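Chain by chain, the residues run as shown.
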Amino acid sequence: MASFVAMGALKNLAHTVRRPATARLIARSFSAEPSRVVIDKYVASSASVSQEVQRLPNDVHERNSLYSNEDVRTMAGVTAMVRNDWTKQEIGEIYDLPFHELMYRSATVHRMYWDPSEVQQCTLLSIKTGGCTEDCSYCSQSTRHKTFVKPTPTLKVQEVMEAATRAKEAGSTRFCMGAAWRELGNKKNAFNHILEMVRGVNGMGMEVCCTLGMLNADQAKQLKEAGLTAYNHNLDTSPEHYPKVITTRSYQDRLDTISNVRDAGISVCCGGILGLGEDESDRVGLLHVLATLPEHPESVPINALVSVEGTPLGDDDDISRVDSFDMARMIATARIVMPRTMVRLSAGRLSFSEAEQFMMFQAGANSIFNGDKLLTTDNPEFDVDQSLFQKLGFSGKPAHQGPRVAPAEAEGKVIITKVTHGE
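Draft legend 1. Structural view of helix H10 (residues 354-363). Every buried residue belonging to H10 is among Gln357, Met359, Met360, Phe361 and Ala363, and all of these are buried. Residues of H10 that are buried in the fold lie against helix H3 (99-113), strand E6 (118-128), helix H9 (324-337), strand E13 (342-345), strand E14 (367-370) and helix H11 (382-392). One or two steps after H10, the chain reaches Gly364, where phi turns positive at roughly 130 degrees.

As structure tokens, this is what we get:
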């Protein structure tokens, strides 16, 4: 049976700070001579702790509950904490740090909360391509734009199972299915097929993610019951810049879907796209919305626009190209303000060299999409990614297993301050 035990053998020092129940959970005082920290660890059995069982729960809510009384973590002069009351100014100050300082802080935060050598591998399959009625100015699948994409019918269940099998054999542990719809609406037959796909992929031992447009509460509940792990619904950009990119769906529509997904107990995957003609203040604005949600998303994908001829943004020569420093700065800031969130290096990765991708991993990315396609755009092939993983010393996160306990935490390098509420 799973147990929650104190591992006294770990070299650490636990500080308990009593505060009134209404007080903000902030503690800054540390022992002058920290000798050891006793950290509560989730252990899969009562057997002696080994590398094999140094993992946290896979369920993000269960995982976060283990740290409900945790205030701050400190290591190597950097302090981090999970909080939902960030101001836009605070996030902007982090985003604007000199690049070398930002990278140092984000890499340190990453090591306080995660094992930097473990990277989640996800595969995205378009199960329904083209024919979308939305007017997203970056999207090749909109019926409003003349692009190379031609509408196709929804894939059959067996076709999806075969694709998931190939992805699993290539090392992916999360299989994501995307459909070019504004919303599920009353697509009852298509939804029933998708529920069957979710059950099938889950039965293969893979985690399952979907991105199907807007969902209502009942649809989210049915997906949860079918075994859906996560639901992707990006905000794309800041609330201020959003109307310049999309007019057929409001920002609030997106937030409502995210709320329905979260309330159903499904992990939220929500991020954005760089290169939509936004200012840096809009990038900060997007991170501010994500970091002040009632719960931080389980994962935040950071995409670089892959411009497609025939779309408004693809035909706009005034849109500047997103470079590796833009991506690293966004990833690093996301890592600092949402330290327990997986940050996914997503679309546009093919345009960056291996060295540039390594910089993004150093900034705090710990998840990727692999496979040769991301919906309709090119992506590095499986064998290329496996070669990169070997080169960088990375290993993939197993399916249905939580992340490894951060080695820095297990080795006693992290000072953790906890808070006990007064009565």
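Draft legend 2. Structural context of the pattern of salt bridges. Using the criterion set out here, one finds 19 salt bridges in the structure. Linking Arg83 and Glu90 is a salt bridge whose minimum nitrogen-to-oxygen distance equals 2.9 Å. Judged by its relative accessible area of 12%, Arg83 is buried. For Lys413, the salt bridge identified is with Glu411, shortest N-O distance 3.1 Å. Looking at Glu411, the relative accessible area reads 44%, which means it is partly exposed. Three or more residues joined by partner-sharing salt bridges are found here, namely Arg55, Asp115, Glu118 and Arg404.

Draft legend 3. Expanded view of a negative patch on the surface. A surface patch of negative charge is lined by Glu93, Asp96, Asp279 and Glu280. Within the element layout of this structure, Asp279 appears in the loop between strand E11 (272-274) and helix H8 (280-291). Its relative accessible area of 49% is what places Asp279 among the partly exposed residues.

Draft legend 4. Fine view of the nonpolar core. Counting 100 residues, the largest nonpolar core has Phe175, Ile194, Leu212 and Leu223 as the members making the most contacts within it. By residue number, the principal contributor to this core is H9, which donates 8 residues. Filtering out sequence-adjacent residues up to four positions away, Ile194 remains in contact with Ile127, Trp181, Leu184, Cys210, Leu212 and Leu223. Counting residues in hydrophobic clusters, the runner-up holds 6 residues, among them Cys122, Leu124, Cys176 and Ala230.

Draft legend 5. Representation of the confidence of the model for the protein within the structure. Taken as a whole, the protein shows an average pLDDT of 83; of its residues, 83% reach a score of 70 or greater. This stretch, residues 1-51, has a pLDDT under 50; its non-local contacts, to residues over four places away or in other chains, come to 118 contacts. This model gives residues 372-379 a pLDDT under 50, and the stretch forms 29 contacts once residues within four places in sequence are excluded.

Rules of the game
- Along each chain, numbering runs from 1 in the same order as the chain's sequence is written.
- Two thresholds apply to this predicted model, a pLDDT of at least 70 for residue-level local features and 80 or more for giving and counting side-chain atom pairs, whereas whole-chain, interface and lining totals are computed over all residues.
- To obtain the side-chain values, all non-hydrogen atoms of the structure were included, while hydrogens and water were left out.
- Partly exposed describes any residue whose relative accessible area lies between the buried limit of under 20% and the exposed limit of over 50%, with all areas from a 1.4 Å probe on protein chains only and scaled to the type maximum.
- Numbering of helices and strands starts at the N terminus; helices are DSSP runs of H or I of at least 4 residues and strands are runs of E of at least 2.
- Residues count as neighbours in contact if any of their non-hydrogen atoms are within 4.5 Å of one another.
- Every case where a carboxyl oxygen of Asp or Glu lies within 4 Å of a side-chain nitrogen of Lys or Arg is listed as a salt bridge.
- Two distance rules govern patches: like charges are joined within 9 Å, and nonpolar side chains (Val, Leu, Ile, Met, Phe, Trp, Tyr) within 5 Å, applied only to residues with over 30% relative accessible area and no salt bridge.
- Each accessible area value is a Shrake-Rupley result obtained with a 1.4 Å probe; residue values ignore everything except the protein chains displayed when judging cover.
- A residue counts as positive if it is Lys or Arg and as negative if it is Asp or Glu; His and the chain ends are not included.
- The atoms used to mark charge sites are NZ of Lys, CZ of Arg, CG of Asp and CD of Glu.
- What makes a nonpolar core is a set of buried Ala, Val, Leu, Ile, Met, Phe, Trp, Tyr and Cys residues whose side-chain atoms join them at distances within 4.5 Å.
- For every residue, the predictor reports its confidence as pLDDT, a number between 0 and 100.

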